[in-house]
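Observations on chain architecture
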Amino acid sequence: MTVHKFDAVIIGAGGAGLWAALELSKHPDLKVAVLSKLYPVRSHTGTAQGGIGAALANLEEDHWEWHMFDTVKGGDYLVDQDAAEVLCREAIETVYELEHMGLPFSRTPEGKIDQRRFGGHTKNYGEAPVRRSCYAADRTGHMILQTLYQQCIKNNVNFFDEYHFLDLILVEGRTAGVVALEIKSGELNVFQAKTVLLATGGFGKIYKITSNAHSLTGDGVSIAFRRGIPLEDMEFFQFHPTGIYKLGILLTEAMRGEGGKLLNGEGERFMERYAPTLLDLAPRDLISRAMYLEIREGRGVGGNDYLHLDVRHLGKNVILAKLPDMLDFVRTYVGVDMTQEMVPVQPTAHYAMGGIPTDIEGRVVTDEKNTPLPGLYAAGECACVSVHGGNRLGTNSLVDILVFGRRSGRDMAKFVKDNELPELPKEPEGATRAEVSRLLNSRGPETVGKLREELQQTMQDYAGVFREEDGLASALSALGELKQRYRRVSLQDRGKKFNTDLLEAMELGYLLDIAEATVYSAQNRTESRGAHWREDFPKRDDANWLKHTLLYRKDGGLEVKYKPVTITKFQPQERKY
Ligand SMILES: Cc1cc2nc3c(=O)[nH]c(=O)nc-3n(C[C@H](O)[C@H](O)[C@H](O)COP(=O)(O)OP(=O)(O)OC[C@H]3O[C@@H](n4cnc5c(N)ncnc54)[C@H](O)[C@@H]3O)c2cc1C
């Protein structure tokens, strides 16, 4: 078995992992490794379309304080405001740094970075939409990922491509490394390290209709949970209003940012009734709920469970210049020319607000007092710092992954200089080897595909946009049964090399844990806030629930604790748009 020694190991090569690696690579004496189960530029960051938010004020007046207010209000006041302040201040320098690295942003006629409108982003504390999203057509994430990857290659970062992270090694309460499987050979490798960053992205694959890629199975989140780290605010999962009907493939909010409209089956612009000021640019939680209500009340298109997104009036030139990939997607997947016809859409599971709790330096914290676990960091969608609170605004995830990826990298560099390489325990890969061999040798009747399908359907039915006690309780018991059946899955491929069957079985295990954490936390929170909407408790309840959930795995069961919300500038108000 190979043992590698590094100062810092980063799991994940999306925007968060790459920017952290870039910061660490500025210290040539440090040994840094990035492990990724995907080839780095295939990470989900590369699919981000609409843009990255920063108050550059290139086209109209804007301030980071306005951005911060929108972020806090958008998150239904569950946002930690010290973190949101960092997010919105540092967004500006982050975007300029990307520009200086060579990212080809779309430009204004004078050559400045162009900016467009996005949901929930306003001027003067809610007055009207503001142009804040910086973008490169509808391929912003692709450009970010390519730019950061090139910089990392230039700085000689060590990449371990197609290494699948399977366990975190903790020794006496501090980080000592990770266990990973080299996909090509099927061999386990141990990486001994002073510090580890988890940057494994989201877990939208717990749902059936989702914008998330096949690989978004929450590996880092689940492994941290299994190793005793709590998960924060798992009940908050965002549905994006415009997924392609039945497929869930995302159509960026920038389609509405550029002027597109949502229409119900009667041709009515229904958002006028739900959000008279921001209309189709209200936050996503609000629009997704409105869409479900329209459909439920019989105003879907032709009595079906979808609505229409109309961009015809934007004209072909604007669409070709600003939304070229969308034009292509809609033609390919729906067979519709959106310059001439309307597009059938439905809300799609999109973004995890919850995850591994961290402080504003990216250090993973293990309790309500924010006690850090020495050497362990998390950033990006797998982390919860919490800048998004109960609901994330569009364009704020790209900011989050870059700002906090960067801060994590900087703090890790300090940590490495102050600490020695910890000793490894005996057989650090023992538990992983046992689980791999259990799966390879199991002859049970269940298949991974079937269980995953049932899991996704359960989550879609009971833990989606609307939730209530009975549904959540039945979801929890269904998940319990699925976990039992998971013990009896058998694989078709029992070989070593490129055994994706084995890795998908591992991923299903993570999805099951995460789905259970989501449902348990949702059942526990008896109020409605942000993306967590309880039909049986339809009001926000600040007196009892203005607090973060921390969910722990204890002796086979689950236990909830709470952490206060950090409020600095903006007191909770009623949320109107
Ligand atoms: C279709 C789509 C469009 C979006 N558009 C926007 C947008 O316009 N603006 C915006 O702000 N946000 C957008 N988002 C959200 C945003 O893109 C993501 O939240 C963000 O990119 C996540 O970045 P990340 O670095 O945390 O993880 P990712 O980019 O998802 O990368 C995760 C990395 O972890 C690695 N990994 C995972 N598990 C393992 C394992 N077990 N072993 C080894 N490696 C592992 C993967 O290989 C990958 O490299 C969009 C999301 C989607 C799905």
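What counts, and where the lines are drawn
Residues numbered from 1 in each chain as written. Predicted model: local features only at pLDDT ≥ 70, side-chain atom pairs only at ≥ 80, totals over all residues. Heavy atoms only, no water. Helix = DSSP H or I, 4+ residues; strand = E, 2+ residues; numbered from the N terminus. Rg over C-alpha atoms; globule rule 2.2 N^0.38 Å. Buried < 20%, exposed > 50% of the residue type's maximum accessible area, 1.4 Å probe, protein only. Contact = heavy atoms within 4.5 Å. Areas by Shrake-Rupley, 256 points an atom, 1.4 Å probe, with all protein chains shown as cover. Lys, Arg positive; Asp, Glu negative; His and termini not counted. Charge placed at Lys NZ, Arg CZ, Asp CG, Glu CD. Near = heavy atom within 4 Å. Polar contact = N/O pair within 3.5 Å; in protein donor to acceptor, adjacent residues only side chain to side chain. Salt bridge = Lys/Arg side-chain N within 4 Å of Asp/Glu carboxyl O. Domains from an automatic or database assignment. Buried area = accessible area lost by both parts, 1.4 Å probe. Axes fitted to C-alpha atoms, helices over the stretch in contact; angles between N-to-C directions. Parallel < 35°, antiparallel > 145°, perpendicular 65-115°, else oblique. Nonpolar A, V, L, I, M, F, W, Y, C, P; charged D, E, K, R; others polar. Core = buried A, V, L, I, M, F, W, Y, C linked by side-chain atoms within 4.5 Å. Pairing = 2+ DSSP bridges.

**Comments concerning the overall build of the protein**
The number of helices and strands found in the protein is 16 helices and 22 strands. Over its C-alpha atoms the protein spans a radius of gyration of 23 Å, differing by no more than 12% from the 25 Å that the globule rule assigns to 577 residues. With the principal axes as the frame, the protein shows a C-alpha extent of 65 × 55 × 50 Å. Expressed as a percentage of the 577 residues in the protein, the buried residues total 63%. Counting contacts in the protein only where the partners sit at least 6 residues apart, residues at least 24 apart contribute 75% of the total. Working note: accessible area of the protein is about 20,800 Å², and carbon and sulfur atoms make up 47% of it. Here the protein contributes 71 positively and 80 negatively charged side chains, and the mean placements of these two sets differ by 2 Å.

**Points about the site of the ligand**
Inspection of the region around the ligand gives 39 residues, with Ser43, His44, Thr45, Asp219 and Glu381 positioned closest. In this structure, Thr45 approaches the ligand through a side-chain N or O atom, which is 2.5 Å from an oxygen atom. A distance of 3.4 Å separates an oxygen atom of the ligand from a polar atom in the backbone of Ala199. Compared with its free state, where it exposes 1,000 Å², the ligand has 98% of that area covered by protein.

**Some thoughts on the side chain of Glu294**
For Glu294, the location among the structural elements is in helix H8 (residues 284-296). Under the relative-accessibility criterion, Glu294 is labelled buried at 0%. If near-sequence neighbours (up to four positions away) are discounted, Glu294 is found in contact with Asn264, Glu268, Phe270, Arg273, Tyr274, Arg299, Gly300 and Leu307.

**Observations concerning the side chain of Arg407**
By the element assignment, Arg407 lies in helix H11 (residues 396-418). The class of Arg407 is buried, set by a relative accessible area of 15%. With sequence-adjacent residues up to four places away left out, Arg407 is seen in contact with Val86, Glu90, Ile360 and Glu361.

**Structural notes on the pattern of salt bridges**
A pair can form between side chains of opposite charge whenever their charged atoms are brought close. The tally for this structure, following the rule as stated, stands at 56 salt bridges. Lys37 is paired through a salt bridge with Asp219; the nearest N and O atoms lie 3.0 Å apart. Of this pair, Lys37 sits in the loop between strand S2 (32-36) and strand S3 (52-53) while Asp219 is found in helix H5 (residues 219-226), placing the two residues 182 residues apart along the sequence. Of the two residues, Lys37 and Asp219, neither departs from the other in class, the shared state being buried. A salt bridge links Arg312 to Asp310; its shortest N-O distance comes to 3.0 Å. For Asp310, a relative accessible area of 8% translates into the label buried.

**Quick look at the domain arrangement of the protein**
Under the domain assignment, the protein is made up of domain 1 (237-350) and domain 2 (430-562). Taken over C-alpha atoms, the centre of domain 1 sits 30 Å from the centre of domain 2. Across the boundary between the two partners, domain 1 contributes nine residues, which contact nine residues of domain 2. Across the domain 1 to domain 2 interface the summed buried area is about 850 Å²; carbon plus sulfur atoms make up 64%. Joining domain 1 to domain 2, the criterion identifies one salt bridge. Residue Arg296 pairs with Glu535 through a salt bridge whose shortest N-O separation is 3.2 Å.

**Some details on the packing of H5 against helix H15 (residues 500-524)**
Each pair of packed helices gets described by two things: the angle between the helix axes and the distance between those axes. Their axes nearest at 9 Å, the elements H5 and H15 cross at an angle of 70°. One element, H5, and the other, H15, form an angle in the roughly perpendicular class. Residues Asp219, Val221, Ser222, Ile223, Phe225 and Arg226 of H5 pack against Glu507, Gly509, Tyr510, Asp513, Ile514 and Ala517 of H15. The class makeup of the residues in the contact of H5 with H15 is six nonpolar, two polar and four charged.

**Here's the deal with helix H10 (residues 324-334)**
Of all the residues in H10, the buried ones are Pro324, Asp325, Met326, Leu327 and Val330. Residues of H10 that are buried in the fold lie against helix H6 (254-257), helix H9 (316-322) and strand S14 (343-352). Looking at the residues trailing H10, positive phi occurs at Gly335, about 70°.

**Details of the nonpolar core**
In summary, soluble globular proteins display a tendency toward joint burial of nonpolar side chains. If you look at the biggest cluster of nonpolar residues, it comprises 75 residues, and the most contacted ones within it are Val9, Leu35, Leu198 and Ile356. Per element, the largest residue contribution to this core is 13 residues, and it comes from H15. Here this core spans two domains, and each of domain 1 (237-350) and domain 2 (430-562) adds at least three residues to it. In this view, Leu198 contacts Ile11, Phe165, Gly220, Ala224, Ile356, Leu376, Tyr377, Ala378, Ala379 and Cys382; residues no more than four positions away in its chain are not counted. Among the nonpolar cores identified, the runner-up in size contains 59 residues, and Leu24, Ala54, Ala91 and Phe570 belong to it.

**Focus: the sheet that holds strand S10 (residues 231-232)**
Across the sheet, which stays open at both edges, the three strands sit in the order S10-S21-S22 with antiparallel pairing between neighbours. At either end of the open sheet lies a strand with only one pairing partner, and these are S10 and strand S22 (557-564). Bridge count between strand S21 (residues 547-554) and S22: eight bridges; the pairing is antiparallel. Across the sheet, Lys547 pairs through a bridge with Pro564, a residue of S22.

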